[in-house]
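Structure at a glance
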Protein chains: 2
Amino acid sequence: MIVLKKSTQTELDRVQAVIKKELVSEKIIQEIYQYIFKAEGKKTRALLCLLASKSKEKKSRDRVNLASIIELLHTATLVHDDVVDESELRRGTRSVNQVWTNSYSVLMGDFIYSKAFILMVKLGTPSILDELAKATNDIARGEIIQLDLLEKKYIKLQDLLKVSYLKTGRLFEASSKTGAMLANKSKEEIKIFGLLGKTLGTTFQIQDDILDYKAFKLDTGKPAFKDFKEGKITFPLYFALKNSSAKDKKFLMNKLGQSKISKKDQNKIYSLIQNEKTQKEINALLEKYSQETLKHLHKLKHDACYNEMLNLINFSKIRKK
Amino acid sequence: MIVLKKSTQTELDRVQAVIKKELVSEKIIQEIYQYIFKAEGKKTRALLCLLASKSKEKKSRDRVNLASIIELLHTATLVHDDVVDESELRRGTRSVNQVWTNSYSVLMGDFIYSKAFILMVKLGTPSILDELAKATNDIARGEIIQLDLLEKKYIKLQDLLKVSYLKTGRLFEASSKTGAMLANKSKEEIKIFGLLGKTLGTTFQIQDDILDYKAFKLDTGKPAFKDFKEGKITFPLYFALKNSSAKDKKFLMNKLGQSKISKKDQNKIYSLIQNEKTQKEINALLEKYSQETLKHLHKLKHDACYNEMLNLINFSKIRKK
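Please read these numbers as outputs of a predicted model, since none were measured by experiment.

Let's talk about the nonpolar core
Residues M108 of chain A together with M108 of chain B are the most contacted members of the largest nonpolar core, which totals 177 residues. The biggest single contributor to this core is helix 4 (residues 60-84) of chain A, with twelve residues. In contact with M108 of chain B, not counting residues within four places along its chain, are I144 of chain A together with I32, I36, V79 and V96 of chain B.

Examining the packing of helix 7 (residues 126-149) of chain B against helix 8 (residues 157-182) of chain B
Two packed helices can be described by the angle between their axes and the distance between those axes. Residue and element names in this part refer to chain B. Where helix 7 contacts helix 8, the axes come no closer than 8 Å and their chain directions differ by 165°. It follows that helix 7 is roughly antiparallel to helix 8 by the angle criterion. When the axes of helix 7 and helix 8 are compared, the crossing they make is left-handed. Tallied by class, the residues present in the contact of helix 7 with helix 8 amount to twelve nonpolar, four polar and nine charged.

Topic: the relation of the copies chain B and chain A
For the pair of chain copies, the relating transformation is a rotation about an axis with a translation along it. Overlay of chain B on chain A (RMSD 0.0 Å): rotation 180°, translation along the axis 0.0 Å. Each copy turns onto its partner about a two-fold axis. Minimal C-alpha distance to the rotation axis in chain B is attained by V106 of chain B, lying at 3.4 Å. A symmetric contact is evident, with 100% of the interface residues of chain B recurring at the interface of chain A.

Topic: the interface of chain B and chain A
Each partner contributes to the interface: chain B provides 34 residues, whereas chain A provides 35 residues. Those elements giving two or more residues to the side of chain B that touches chain A turn out to be helix 2 (27-38), helix 4 (60-84), helix 6 (102-123) and helix 7 of chain B. Looking at the side of chain B that touches chain A residue by residue, the class counts come to 20 nonpolar, six polar and eight charged.

So, the environment of L160 of chain B
All names here are of chain B. With respect to the element layout, L160 can be found in helix 8. In this structure, the C-alpha to C-alpha distance between L160 and R94, residues 66 residues apart in sequence, is 28 Å. Beyond its immediate sequence surroundings of up to four residues, L160 is in contact with I155, F235 and Y238.

Observations regarding helix 1 (residues 6-21) of chain B
All names here are of chain B. A rise of 1.5 Å per residue sets the reference length of helix 1, with its 16 residues, at 22 Å; its end C-alpha atoms lie 22 Å apart and thus fit the reference within 8%. Listing the buried residues of helix 1 in full gives E11, V15 and I19. The buried side chains of helix 1 occupy one side of the element, clustering within an arc of 80° when seen end-on. Exposed residues pointing more than 90 degrees away from the buried face of helix 1 are listed as K6, S7, T10, A17 and K21.

Quick notes on the environment of L78 of chain A
Residues and elements named next belong to chain A. Mapped onto the elements, L78 comes out in helix 4. Assessed through the 20 C-beta atoms surrounding it within 10 Å, L78 is described here as buried. When the C-alpha atoms of L78 and Q98 are compared, they prove to be 14 Å apart, with 20 residues separating the residues in sequence.

Let's talk about the confidence of the model for chain A
Summing up the model confidence of chain A, the mean pLDDT is 94 and the portion of residues at 70 or higher is 100%. The complex model carries a pTM of 0.95, and its ipTM stands at 0.95.

What counts and how
- All residue numbers refer to position in the chain's written sequence, counted from 1.
- Note on labels: chains are lettered from A, ligands numbered from 1, in written order.
- Thresholds applied to this predicted model are a pLDDT of at least 70 for local features of residues and 80 or more for the giving and counting of side-chain atom pairs; totals over whole chains, interfaces and linings are not thresholded and use all residues.
- Joined through C-beta atoms within 7 Å, a set of buried Ala, Val, Leu, Ile, Met, Phe, Trp, Tyr and Cys residues constitutes a nonpolar core.
- Around each residue's C-beta, the other C-beta atoms within 10 Å are counted; 20 or more make the residue buried, 12 or fewer make it exposed, and counts in between make it partly exposed. All C-beta atoms are placed from the backbone.
- Helix numbering and strand numbering both begin at the N terminus, where a helix is a DSSP run of H or I of at least 4 residues and a strand a DSSP run of E of at least 2.
- Two residues qualify as a contact pair if the distance between their C-beta atoms, derived from the backbone, is within 7 Å.
- For helices, the axis comes from a line fit to the C-alpha atoms of the stretch in contact; other axes are also lines fit to C-alpha atoms, and the angle between any two N-to-C directions lies between 0 and 180 degrees.
- Throughout this description, any angle smaller than 35 degrees is read as roughly parallel, any larger than 145 degrees as roughly antiparallel, any in the 65 to 115 degree range as roughly perpendicular, and the remainder as oblique.
- Left-handed describes a crossing whose near helix is turned anticlockwise from the far helix through less than a right angle; right-handed describes the clockwise counterpart.
- For this classification, the nonpolar set comprises Ala, Val, Leu, Ile, Met, Phe, Trp, Tyr, Cys and Pro, the charged set comprises Asp, Glu, Lys and Arg, and every other residue, Gly included, is treated as polar.
- Here the copies are superposed with least squares, the fitted atoms being C-alpha atoms of residues at a pLDDT of at least 70 in both.
- Expected span of a helix: the number of residues minus one, times 1.5 Å.
- Arc definition: it is the arc formed by the directions from the helix axis to the C-beta atoms.
- Per-residue confidence from the predictor is reported as pLDDT, a score between 0 and 100.

Below, the structure is given as structure tokens:
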């Protein structure tokens, strides 16, 4: 758990309340909407935004609203992602495409996206709208590039870094940056908050990729090998492929993307990921982005968010869920 | 064809140019984007916006940009609709979900939506952003309600009018209203332009529903009975069900939603729609909305768009494509 001030935790709880307060007159929409937001996510992006927007002058209400907008945007991407990935579970419960259909997921995603934009307009800061519209566009770009990479056998580390920036880092960056914008921080500070969000997002994504494999031996609340079964080459697999013998490499590429994998093969995949050199390289990458994030935070020593942001950064690389 | 001034036609051509100018660095995205916009639509909503925004002071560039934004929003909904309806064709060519996959359609739709929002922010008029964000949300709402209606056997005319307003009338309304807003027209004029767009959109949707059946005997450029095969009760079918004998009603409900229908059954469905009373009622409904639209236009007699708008309204109820 991330150690937070009581006031921050209260604000984070209010994000959930703001989101759930949204009422729709149509029963079917209300039903799916409530279903989606019943399962609470970690709200890391909302928290990042709340921390970055701390300031003496800025009213808590606007900050909670911006954090809620970001959580809505993030949830809309998840609802659409579940269609793309044909996921069965989301936040521990069956995903919308499973309980209803893909069609409902597509349209509910659109509903939530546009709801977020309505609230953004209400917030009334054009620079924040601009940043969030661009981030939303970049997330879609990242997802399309990732889809396209599924067809490719050889992937460069650069490709993986680009995709993880666009699909994860970009919204972390926007959450942090727009938080600082809302608090009327200086141009220089806004820039630092943006960079901090960006590298924190990549740290977060690397740890996410690591946990997809660790879930095989550890309770992460998520099924193991989900990325692998979807045919995604993520950071750990990238290093494992690089460090494996030709035979093992062939084995991995052969199993990649198969929805059913025997226990024996799962054990083998896990042990190839656990390879010493692979673990050293993936941990070094995680550490690199974590250190970069701390470097940015170092420049914000006098900011009201400093201690809590430090906790969030440290949590991101050790989290098990 | 709608008779337009040469200058309006030039502006409409520029809409296509503005949209196609958008460059994306990733090859795959560029490829799908170009594919989507290669097939030109009728651009009725863009035209409506161009007409409503005519004024002596307002620069043509902003008006073309707003019309392009509206065309982007509309296209994004079509790309997502094709997933929902499992369509094979769009604007005469294979739909994105057919050439690529549903996943690409979902993400490209998101890409185009957010691109439209980026351009809206650039346009810099908060009231326009507000109206278009709300319209986008209402379109998703309308589509979800329509999806939900598919499960129902008894539909009220009121339900059909609500869905056709939300999924079609709403964006017509927003196109017309934001056009007038951009041209700094009076509050009263903006209201009239909104109402005109709203009823024009419903006229347009009723004619669309009629053409889905007429396509059986007439070249409309679209396959016949598409709505029927998707299980949708549209305006013509609503009246046909109301006016049919218990036996014929049973026949229609039995065939509704079937993807393959024999030629003999198609003939029977067509003749039930052609029933005199049904035709009288559907044409009366079309005429009602067309007359209402003309009534609104009547209040805009001195507006620069008057003659062309009249042509557009008259075209909407007689169009065959």
